[in-house]
Structures are given as C-alpha cells and as structure tokens.
Amino acid sequence: MPSPRLAVVAAAGRGTRIHPRSTTVPKVLLEVAGKPLLTRNLELLRDRLGVREVHIVIGYLGDLVRATYGDGSELGLELRYHVNDDVDGGLGTALFTLERAGLAEPFYMILGDELYLETNHADLRDIAEPWDAVCAIHRTDDPEVIRRNYAVALDNGRITALIEKPLEAPSPFVGCGTYAFTPAIFRDAHATPRSSRTGRLELTDVIDHVARRGGLVRAFELTGHYLNVNTVEDLNAANYLARTLHFAEARVSVVIPAYNEAASIGHVVRDFRPHADEIVVMDNRSSDGTAEIARAAGASVYSQPLRGYGDALRQGLDLATGDILVLVEADATFRAKDLGKLLEYLKDADMVIGTRTTRQLIEQGANMDGLLRWGNVVVGKLVEALWWAREPRFTDVGCTYRALWRDAWQKIRRYMTRDDAAFSPEMMIEMIRVGGRVIEIPVSYYSRRGGESKHSASRWHSVRTGLKMLRLIAEKRLNLS
C-alpha cells in the first residue's frame, strides 16, 4: 500500500475548555509563538508527509478558517473544506462528514489543535504494511499527560486497545492526534456505539473498535515535542515550549527615544550594547550632540523630526530588525542588568513590562515620589478592572522599560496611534485586546543623568500626563479609538 497522498485536518471543535480565547476565533487559529496552530499543522503535512491535497473539516466559526486560508495556494496546498453539522456529537462524527464528501482512498489525519515541534512525522510515510489504521504515540514519564488524553495497549508494535482518559496507563505512551486510515474506517465508525461516558462518538472508540475486531492498528512512535492544546494553560505551555527551543537564536533590538540626552545617551548605549544585537536610537533632531554621541557608542541613529515620545518609539519599533524588541529610556533611569529578567519572562509572554513601583528597587533621588508612584498603581489597577476578563496585573502604566516579540508588535501596530506618553498604556491595552499575554515584573529605577523628564519633571507635568493617559484608557474602553 503506497503512503497516502492526501490528508485530513479536524478543525471543527468549539474549544470550550480554552474559553474565553475561543470566543471570537476557533481554537485552531490560536497562535503559538506568532503562528496559528492550524498553519503549523498544514506546514507539517506539506513538508514532512509530502501532502498537497488537504481536506479540512470545519464547524464552529468555520468561516474564519476558510477566510484565513482560502484555497491554500499561499501555502502551496490544495485545500478543500467540509462542514461537520454535528460538531457536538464528538470527533468521530468527522468521519461521517468525510464519507459524505466521497473520500475513497487512504488518508492521513491530524487534529488541528495539537502542537508538534521537531518531530519525526516524515518517518510515518514508511510505516510497515499492511495496516487498517495507524496511531502516533509519544513516550512520556508524566502519567497525568496520559490521563488527560488517551492510552494504548501494545503488543509488539500493534495496538490492541485504546483507552480514553485512563485512570491507570497500560504503557508509557500517550496517544497523539496523528493518524492514518483506510476508507474502511467509515464502516467502523458506523459500527461503533456512542461513548457511555460522554454520549459522543469518540474517535478513539472508533479506532479501539478496529483493534478489537481484529483489524491491524499499528503504533507509530513519535519523537520530538508534542503538546495537546486544550486549555489556556496548555496554550501558555505551548508558547513557552516553542519560544524556548530556539530562544538563544533570537536577535534582540533595543529601541531608545532621545531628545537632548547628551549627558546620558553614551552610557545607556554602552550599557546595553553587549546584550543586544542592535541598538536603535530615535533622535528628535537634538541640538546637544546626542546623535553623534550615540553613533560613536555603537548605535544605529535615526535623526529626524518626531512628534513626541510615542512617535519615536513607534518608528523605532518599525525600524528595528530583531526578533525581540526592547524599549528603554535614554536618561539612564534603567539599566541592562534587568534585561535578563525581561528576556527570561518573555519566554512565557507576548510582552513583558517593567514596574517602577517596587520601593526596594527605587534608587534614592529617582523621580518616583509618593504621588507619582501611587498614581501609576491606581491607574494600573483601573486598567485591570476595565479589562478584568483578560486577567491583567498592572502597577505601573508609564514604565518605558519593556520587551515584546516582533510578531506581537505586528499584531498591535495598526492600533497604536498616540504620539505622547499615553503610548505606554496604549501598548498594554492593545496587547490585552488582541489576546496577548502580558507579564509585569519589578525593575530597578535610577535617578536620571542630566536634563529633566519630558513627562514628569514637575507635579503639573505628572498630572497632565496622567490625565492624557486616563482619557486614552476611557477611549479604548469605549472603543472610540
């Protein structure tokens, strides 16, 4: 039997366990490290299994899947869509949808909400013949992973039984959502009763029926990294895994807005230069030699008229070439010694922001008196309350020191409109609104070296900046901007 030439992706489920992330998008379109799960699996089928024709079974919010991928030509695939009208009837009902569509040859099948990284899927093409069904299994030393998914009983490479969410695992393998079937699987689906536990037609029950009737169900041991994304915690774990695997290869760009910061810019550039692949200084036509000093210290300097702090950061983020984008002030109020903390937490988030409100980390003489500190805390808690369902935790809305992934910046770029200090809370709010994960961590805050703050040099400046931020927050919550 030649290896299948076509594949099926199951992408119809409601994703109720990952609510509220699945409220407006199907679970298969949730992103892991900047790329939707479904895209990752389509590329896997194309690159590892040599498939060009893929049938996608859609249901809940299926029109979004169809609109995202169209005919598949952008991925070098031929995509065909089939609507499962019985989404709540269980994953096994997808087989009835495929039968009605007229599939009459062997096919691979993969669940669209699973994450595979650096796996040996290509070896599946050489699975020993004959077989009625093939199930991928993954070795694990965590019995809880098996209990949350399905287990298999093995006999010399042959699967003799499948057990959905077992109390005790019969082997050290968890069953994965990668399969191969012949068209005979449709007959077995009709012969399989609904689960007494769920009342649904479970795909594992269908395959178990094949094994128990004497059909040949082969096990394919999958190596590499595997994760079944069912909950928000699973999605966070998937992002951490995907980011961590190649984190050391990620390029870091530091973006610094500057205007007449000659007294400090050289120190800041030299402080961060050993820890970054690129330093971008956005100089607002300074008259004190800021641009020349920054350039001599090793930064790429763009000296041009800028409309303010927000405009400088926005243009700097656009010009930076790194995978990770770090924002920092030019006045030496932040130091590179805290950069490692931001980067470590960035493995687990889309954006990491610093907070200057931890008293133990505020240097004597830093511009963070009681009014400014508690003002930031109160406004941060206001943002929390207004976007409570997104579970943000903020104690500082004006801290420039932050790091984010380039793909995260691209998600919010078109919504970033502020040219002034309100740019900082705008970034936080927009990242929340697009479903990004934002983590706040304490950073050290030092007295500035020369000059004065453009936003909080006096009580009047601080109050005016705060009012601008409050207006922005109200506009964003009322969807006025």
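Up top is the structure.
Residues numbered from 1 in each chain as written. Predicted model: local features only at pLDDT ≥ 70, side-chain atom pairs only at ≥ 80, totals over all residues. Heavy atoms only, no water.

K.L.:
How would you summarise the packing of aromatic side chains if you had to cite specific residues and measurements?
P.N.:
Counted by the stated rule, this structure contains eight aromatic pairs. Their ring planes at 20 degrees and their centres at 6.1 Å tell us that Phe 107 and Phe 186 sit as a pair that is stacked. Pair noted here: Phe 107 is in strand β6 (residues 107-111) and Phe 186 is in helix α5 (residues 185-191), with a separation of 79 residues, a long-range link. Here Phe 107 and Phe 186 have matching classes, each one buried. Put simply, the rings of Phe 107, Tyr 179, Phe 181 and Phe 186 touch in pairs and so form one group of aromatic residues. Between the NZ or CZ atom of Lys 347 and the centre of the ring of Phe 247, over which it lies, the distance is 5.1 Å. Above the face of the Trp 387 ring, Arg 477 is positioned so that its terminal group lies 5.3 Å from the ring centre. (Phe/Tyr/Trp six-rings, centres within 6.5 Å; stacked < 30°, edge-to-face > 60°. Helix = DSSP H or I, 4+ residues; strand = E, 2+ residues; numbered from the N terminus. Buried < 20%, exposed > 50% of the residue type's maximum accessible area, 1.4 Å probe, protein only. Lys NZ or Arg CZ within 6 Å of the ring centre and 35° of its normal.)

K.L.:
An account of unusual backbone geometry is needed here, citing residue identities and associated values.
P.N.:
Of note, the amide linkage connecting His 19 to Pro 20 takes the cis form, showing an omega dihedral of 10 degrees. Counting through the fold element by element, Pro 20 comes out in the loop between β1 (6-11) and β2 (31-32). With an omega dihedral of -5 degrees, the bond running from Glu 129 to Pro 130 counts as a cis peptide bond. Along the polypeptide, Pro 130 turns up in the loop between β7 (114-117) and β8 (133-139). The backbone of Leu 61 sits at a positive phi, close to 55 degrees, despite the residue not being glycine.

K.L.:
Residues and numbers for the nonpolar core, please.
P.N.:
Core analysis: the largest hydrophobic core is formed by 78 residues, its most contacted members being Ile 256, Val 269, Phe 272, Ile 279, Val 281, Ile 324 and Tyr 401. Residues contacting Phe 272, with those up to four places away along its chain left out, are Val 254, Ile 279, Val 328, Phe 334, Arg 335, Ala 336, Leu 339 and Tyr 401. Of all hydrophobic cores here, the second largest spans 37 residues; its members include Leu 38, Val 51, Ile 56 and Ile 110. (Core = buried A, V, L, I, M, F, W, Y, C linked by side-chain atoms within 4.5 Å. Contact = heavy atoms within 4.5 Å.)

K.L.:
Could you give me a rundown of the state of the cysteines, with the residues and numbers involved?
P.N.:
This model, assessed by the stated rule, comprises zero disulfides. This cysteine, Cys 176, is not joined by any disulfide, and Cys 135 carries the nearest cysteine sulfur, 9.4 Å off. (Disulfide = S-S within 2.5 Å.)

K.L.:
Outline a nonpolar patch on the surface, listing residues and values.
P.N.:
Taken together, the side chains of Leu 382, Val 463, Leu 467 and Leu 470 make up a nonpolar region of the molecular surface, amounting to roughly 310 Å² of accessible area. Take the nonpolar patch: its biggest share by element is three residues, from helix α15 (residues 459-477). Structurally, Leu 467 can be placed in helix α15. (Patch = residues over 30% accessible without salt bridge, like charges linked within 9 Å, V, L, I, M, F, W, Y side chains within 5 Å. Areas by Shrake-Rupley, 256 points an atom, 1.4 Å probe, with all protein chains shown as cover. Salt bridge = Lys/Arg side-chain N within 4 Å of Asp/Glu carboxyl O.)

K.L.:
Just give me the short version of the pattern of salt bridges, but keep the residues and values in it.
P.N.:
Under the definition given, this model contains 35 salt bridges. In this structure, Arg 307 engages Asp 419 in a salt bridge whose closest nitrogen and oxygen atoms are separated by 2.9 Å. Residue Arg 307 is found in the loop between β16 (300-303) and α10 (309-319), and its partner Asp 419 is found in the loop between α13 (406-412) and α14 (423-433); the two are separated by 112 residues along the sequence. For Asp 419, a relative accessible area of 22% puts it in the partly exposed group. For Lys 381, the salt bridge identified is with Glu 384, shortest N-O distance 2.7 Å. With Lys 381 and Glu 384 both in helix α12 (residues 370-386), this residue pair falls three residues apart, about one helical turn.

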